[in-house]
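Residue strings, one per chain:
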Amino acid sequence: MLVNLLTALPTSELEVHGSEEAWSVEKACAEIESTRLVKNQDDLTCRSYVYCFTNNGQVHGLIKNCKVGQYFDDSFKMCVTIKPDVC
């Protein structure tokens, strides 16, 4: 399983100046009902993503790294070898 091959990092928050609301792992995962992978908006290299999951009714989010040489593709919701154009 892909998740077992990846490393968890502590959650972080990106501070955005101006009128935009700051992005955070907690906000990215806030509305989930089942496990899913979402884009880590803090990572412009696309080498990581956010793993959102629930445990005992609590929503959690972990920043995970793709394997070396892979990039998170938000359209496929998985790590791929071809770097997405947005990275």
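Our subject is the structure that appears above.
Residues numbered from 1 in each chain as written. Predicted model: local features only at pLDDT ≥ 70, side-chain atom pairs only at ≥ 80, totals over all residues. Heavy atoms only, no water.

1. A word on the nonpolar core
And step 1. Trp23, Val25, Ala28, Cys29, Ile32, Val38, Val50, Cys52 and Ile63 together form the largest nonpolar core, which totals 9 residues.
And step 2. Taken together, the elements giving at least two residues each to this core come down to helix H1 (25-29) and strand E5 (48-55).
And step 3. Sorting elements by how many residues they give to this core places H1 first, with 3 residues.
And step 4. In this view, Val38 contacts Ala28, Tyr49, Val50, Cys52 and Phe72; residues no more than four positions away in its chain are not counted. (Core = buried A, V, L, I, M, F, W, Y, C linked by side-chain atoms within 4.5 Å. Buried < 20%, exposed > 50% of the residue type's maximum accessible area, 1.4 Å probe, protein only. Helix = DSSP H or I, 4+ residues; strand = E, 2+ residues; numbered from the N terminus. Contact = heavy atoms within 4.5 Å.)

2. Remarks on the environment of Thr35
And step 1. With respect to the helices and strands, the residue Thr35 is situated in the loop between H1 and strand E4 (36-39).
And step 2. On the accessibility criterion, Thr35 (46% relative accessible area) is partly exposed.
And step 3. Linking Thr35 and Tyr51, residues 16 residues apart in sequence, is a C-alpha distance of 7.5 Å.
And step 4. Discounting chain neighbours no more than four positions away, the residues touching Thr35 are Tyr51, Cys52 and Phe53.

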